[in-house]
Amino acid sequence: MESKRAAAEKAVEYIRNGMIIGLGTGSTAYWAIQKLGINIKDGLRVKAVATSIHTENLAKELKIPLISISEIEEIDITVDGADEVDDEWNLIKGGGGAHLREKIVASMSKELIIVVDESKKVNRLGKFPLPVEIVIFNYENTQKKLSTLGCVPQLRIRDNKPFLTDNGNYIVDCDFGSIGQPRELHTAINSIPGVVENGLFIKMATKVIIGYQDGSVKEQ
Ligand SMILES: O=C[C@H](O)[C@H](O)[C@H](O)COP(=O)(O)O
C-alpha cells in the first residue's frame, strides 16, 4: 500500500492551478485522487474527467470538480495505474476492466503519468493476461478469433456471471505469454470485428513513477 501511495502522491505534485486532469482507475490511482482531493480542499483549482464510474463516484465524494469529457478537447495531465510497465513504457492495463475509457482519456492527455509499485515493472509484457473488451453479440466466436492470435482467452467472470464493463461489454483475459511485439499485437487484436479495445498502451506514457515499500519513489 505504501509503495502505491508514494508513487501516486509524487505524481500529484505535477498538478497546477487551472489544469484539466484525467483521473485514472484502480487501487494506485485511488491514492492520487485522495491527494488531489486534499489539495483542492487546500485551495488548488482544477477540473477533472474520470475514467470509470467508480472513479467518478470517488471524485464526487471528495468534491473534486468534474467536467464532461465531451466539453473538452485536451487534458493537461492524467494520472493512472497499470498492471505491467515494460522497459519502453508500454503498458498492460484493464485489470479492473476500465482500459477503454482510460485509453480514450490517455489519448487526449498532454501528459500521461503512470504510477505503479515495483511489482508492476517487467522487462517484457505478458505475465499479466491481456484484458480485451468485446461486445456481447457473438462473443463466443470473437473469443475463438482471439485464440488464433496465439492466446488462451478466458471470459472474465465475477459473482458467477460475466463481468460487465462501464460500457456494457464483456472482458476476455488473454494469456499470450511473453509479448515480443506489442505494437503488432495491438493492431491485430483491434482488427477483429467484435473487439472494442485491448489493454495494450503503446508508447502513451510520458512519465512512469515507481513506488517502493520503504516509501521511496523512482521517476523515469
Ligand atoms: O482497469 C483498470 C486499470 O487499468 C488499472 O489502472 C490497472 O488495473 C491497475 O490497477 P491497480 O493500481 O489497482 O493495480
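These remarks concern the structure in this document.

Quick notes on the rules
- Residues numbered from 1 in each chain as written.
- Predicted model: local features only at pLDDT ≥ 70, side-chain atom pairs only at ≥ 80, totals over all residues.
- Heavy atoms only, no water.
- Core = buried A, V, L, I, M, F, W, Y, C linked by side-chain atoms within 4.5 Å.
- Buried < 20%, exposed > 50% of the residue type's maximum accessible area, 1.4 Å probe, protein only.
- Helix = DSSP H or I, 4+ residues; strand = E, 2+ residues; numbered from the N terminus.
- Contact = heavy atoms within 4.5 Å.
- Pairing = 2+ DSSP bridges.
- Axes fitted to C-alpha atoms, helices over the stretch in contact; angles between N-to-C directions.
- Salt bridge = Lys/Arg side-chain N within 4 Å of Asp/Glu carboxyl O.
- Near = heavy atom within 4 Å.
- Polar contact = N/O pair within 3.5 Å; in protein donor to acceptor, adjacent residues only side chain to side chain.
- Areas by Shrake-Rupley, 256 points an atom, 1.4 Å probe, with all protein chains shown as cover.

On to the nonpolar core, then. Counting residues in hydrophobic clusters, the biggest one holds 24 residues, and the most contacted among them are Ile-15, Ile-21, Leu-23, Leu-36, Val-46, Ile-64 and Val-115. By residue number, the principal contributor to this core is helix α2 (residues 29-41), which donates 5 residues. Not counting residues up to four positions away in its chain, the partners in contact with Ile-15 are Ile-21, Leu-36, Leu-44, Val-46 and Ile-77. Counting residues in each nonpolar core, the second largest holds 20 residues, with Ile-134, Leu-146, Cys-151 and Leu-200 among its members.

With a phi angle near 50°, Asp-159 is a residue other than glycine that sits in the positive phi range. Structurally, Asp-159 is set in the loop between β9 (157-158) and β10 (161-162). Residue Asp-159 is classed as exposed on the basis of its relative accessible area of 70%. The backbone of Lys-203 sits at a positive phi, close to 50°, despite the residue not being glycine. With respect to the helices and strands, Lys-203 occurs in the loop between β13 (200-201) and β14 (207-211).

Turning to the sheet that holds strand β8 (residues 152-155), a few remarks are in order. Across the sheet, which stays open at both edges, the 4 strands sit in the order β8-β11-β7-β12 with antiparallel pairing between neighbours. Bordering the open sheet on either side are β8 and β12 (195-198), each of which pairs with just one other strand. Recorded for the sheet is a direction-independent mean angle of 30° between the axes of neighbouring strands. As paired elements, strand β7 (residues 130-134) and strand β11 (residues 170-175) share 5 bridges and run antiparallel to each other. Residue pairing for β11: Pro-131 is matched across the bridge by Asp-173.

Moving on: the pattern of salt bridges. Here the idea is simple: oppositely charged side chains can pair when their charged atoms come close. Using the criterion set out here, one finds 12 salt bridges in the structure. Note that Asp-80 is salt-bridged to Lys-93, the shortest N-O span being 3.1 Å. Remark: Lys-93 occurs in the loop between β5 (91-92) and α4 (99-107) and Asp-80 occurs in strand β3 (residues 75-80); sequence separation between them is 13 residues. Overall, the relative accessible area of 1% leaves Asp-80 in the buried class.

Okay, the site of the ligand next. Surveying the vicinity of the ligand reveals 16 residues, the closest of which are Thr-25, Ser-27, Thr-28, Glu-102 and Lys-120. Between Thr-28 and the ligand, the recorded distance is 2.6 Å, taken from a side-chain N or O atom to an oxygen atom. At a separation of 3.4 Å, an oxygen atom of the ligand approaches a polar side-chain atom of Asp-80. Burial of the ligand by the protein chains amounts to 91% of its free accessible area of 370 Å².

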